[in-house]
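# Secondary and tertiary structure notes
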Amino acid sequence: MRHEIKMTVNGKAVSGSVEPRTLLVQFIREHLKLTGTHVGCDTTQCGCCVVHVDGKAMKSCTMLAVQASGRTVTTIEGLAAADGTLHPMQAAFQEHHGLQCGFCTPGMVMMGVDIANRMPNADEATVRRQLEGNICRCTGYQGIVEAILDAAPKMAAAKAKA
Amino acid sequence: MKNFNYHRPSDAGAASALVSKSEEPRLLAGGMSLLPSMKLRLVAPSDIVDLGDISALKGIKVEGKEVYVGAMTCHADVAANADVKRVLPALAELADGIGDPAVRHRGTIGGSIANADPAACYPSAVVGLDATVETNKRKIPADQFFVGLFTTALEPGEIVTGVRFKAPDKAKYMKLRHPASGFAVVGVMIAKYGSNVRVAVTGAGPSVFRVPAMEKALSANFSAKALDGITIPDADLMTDIHFSAEYRANAVVVMAKRGVTAIA
Ligand SMILES: Cc1cc2nc3c(=O)[nH]c(=O)nc-3n(C[C@H](O)[C@H](O)[C@H](O)COP(=O)(O)OP(=O)(O)OC[C@H]3O[C@@H](n4cnc5c(N)ncnc54)[C@H](O)[C@@H]3O)c2cc1C
Ligand code: FES
Ligand code: FES
């Protein structure tokens, strides 16, 4: 049996018809054609598929699309401003060379934003521990950690101003 | 993953009715254990009853020394709850050490204890903190809840509604993390209630267990020294490619000593 699902993705109302077993990441990539969200492991380990559901980081390979029906989802495509200005976390990844091949990057950035939202003053050890569920096989993490440490207070300052 | 029928009821009564009508039903909580095992086709339910919309199963209530955690409360919410941090910090720390932030945003206490993974953290809290598991049918004392490897006292279709903990004077959860998975190679919950001490061990055996010799020694003298000479028989402990039963037996004592030292 197929289910008609509706959710808000990157600020837009979307709908679709899915089998119950369709994963959220499949719905995002194959139905909505938002291919920024990646699948690295499909076993809840690597974090390439991290998106925000109702504002919180979740692994979209381990959630059913039907579970996300009625919820609000943000993917990597939803971070930059409409005019293309990068989100402070994206800008910091660029600035600090927080990526090489880029495969893990969408998940890293989405997790980085989640960490910054929860703990704007996190220190390096905390950021490293918070990244436990996101695996990068290229960078050695140094640039990723620096980017998050740089962007987190900037995001907090921007929020305070708004 | 094999296909299934999907239901998302808004109260526990409806969930229970759906379960009794279905051929091979499974409750779905955070999905952090169930969905991976469905992908591997280790389980192939005919019907998934998603508890995600049952708001009555979510939330934390702290009254005096009693800490009630609703079954559908995620690990991140337990870890961040100010009242839990104040009254029962060991529980908040335990929840904060489960998996990673994305897992903690979805995984729930009800799912964790119903699953009864031998390497899961929460079972040591349920048993060590003398909790009562509440279901839609009854109240189950901690010492009767965990029966064996991935096995609990729950009847088919019985729904955990919440867990009621008794906050001790002090408690500490010490976990030897598996370096890859983050699960407990060995996890020890030490809890001191007046002159009465409980010690519950997860990760080491097929199911959580108490260590009466340690409880007796620590009740008489709450110091790491009191544990000198106590050994854990390794006959019933788990062996895998990473850690032998002998290693785990030793780690139980090491973790217990570190836990006691941290709060003595
Ligand atoms: C990468 C990763 C790392 C992890 N690391 C750890 C760790 O370090 N420590 C740890 O303890 N755990 C760890 N886990 C497991 C995690 O805590 C799971 O969330 C938990 O074991 C299962 O909870 P869930 O809510 O996701 O349940 P689900 O996966 O939804 O369900 C699990 C089982 O419980 C049943 N069930 C669920 N809710 C109820 C209920 N209310 N009543 C009756 N039955 C119910 C389901 O039918 C199913 O059989 C990890 C998981 C992952 C993916
Ligand atoms: S693809 Fe989801 S965690 Fe790796
Ligand atoms: S940049 Fe290549 S996996 Fe992280």
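Everything in this summary refers to the structure shown in the same document. Please read these numbers as outputs of a predicted model, since none were measured by experiment.

## What to know about the environment of Leu64 of chain A
Residue and element names in this part refer to chain A. Within the fold, Leu64 resides in the loop between β4 (56–59) and β5 (72–74). For Leu64, a relative accessible area of 0% gives the class buried. Between the C-alpha atoms of Leu64 and His52, which are 12 residues apart in sequence, the distance is 14 Å.

## Here we look at the nonpolar core
Ranked by size, the top nonpolar core spans 41 residues in total, and within it Leu91, Ile113, Tyr122, Val126, Leu129 and Phe165 of chain B carry the most contacts. The contact partners of Leu129 of chain B, leaving out residues within four places of it in the chain, are Leu88, Leu91, Ser124, Phe165, Lys166, Pro168, Ala171, Met189, Ala191 and Tyr193 of chain B. Formed by 31 residues, the second largest nonpolar core is a distinct cluster that contains Ile28, Met58 and Val73 of chain A together with Met1 of chain B.

## Examining the site of ligand 1
Among the 32 residues in the neighbourhood of ligand 1, the closest are listed as Leu27, Gly31, Leu34, Thr108 and Cys121 of chain B. Surrounding ligand 1 are residues belonging to chains A and B, so the site spans chains. At a separation of 2.9 Å, an oxygen atom of ligand 1 approaches a polar backbone atom of Gly30 of chain B. The separation between an oxygen atom of ligand 1 and a polar main-chain atom of Gly31 of chain B is 2.7 Å. Alone, ligand 1 offers 970 Å² of accessible surface; in the complex the protein occludes 95% of this. When residues of the shell around ligand 1 are traced back to their parent elements, those giving at least two are β2 (25–28) and α7 (109–115) of chain B. Ranked by residues supplied to the shell around ligand 1, first place goes to α7 of chain B with 5 residues. Here the residues of the shell around ligand 1 are counted per class, giving 15 nonpolar, 14 polar and 3 charged.

## Re the sheet that holds strand β2 (residues 12–18) of chain A
All names here are of chain A. Strand order in the open sheet made by the 5 strands is β2-β1-β5-β3-β4, with mixed pairing throughout. On the outer flanks of this sheet lie β2 and β4, each paired with one strand and no other. Going from strand to strand, the sheet's axes swing by 40 degrees on average, the running direction of each strand aside. In terms of strand pairing, strand β3 (residues 50–53) meets β5 through 2 bridges, oriented antiparallel. Bridging from a neighbouring strand, Val53 pairs with Val73 of β5. Along the sheet, helix α1 (residues 24–31) contacts β1 (3–9), β2, β3 and β5; its crossing angle with β2, the most-contacted strand, is approximately 105 degrees.

The rules behind these values
Residues numbered from 1 in each chain as written. Chains lettered and ligands numbered in written order. Predicted model: local features only at pLDDT ≥ 70, side-chain atom pairs only at ≥ 80, totals over all residues. Heavy atoms only, no water. Helix = DSSP H or I, 4+ residues; strand = E, 2+ residues; numbered from the N terminus. Buried < 20%, exposed > 50% of the residue type's maximum accessible area, 1.4 Å probe, protein only. Core = buried A, V, L, I, M, F, W, Y, C linked by side-chain atoms within 4.5 Å. Contact = heavy atoms within 4.5 Å. Near = heavy atom within 4 Å. Polar contact = N/O pair within 3.5 Å; in protein donor to acceptor, adjacent residues only side chain to side chain. Areas by Shrake-Rupley, 256 points an atom, 1.4 Å probe, with all protein chains shown as cover. Nonpolar A, V, L, I, M, F, W, Y, C, P; charged D, E, K, R; others polar. Pairing = 2+ DSSP bridges. Axes fitted to C-alpha atoms, helices over the stretch in contact; angles between N-to-C directions.

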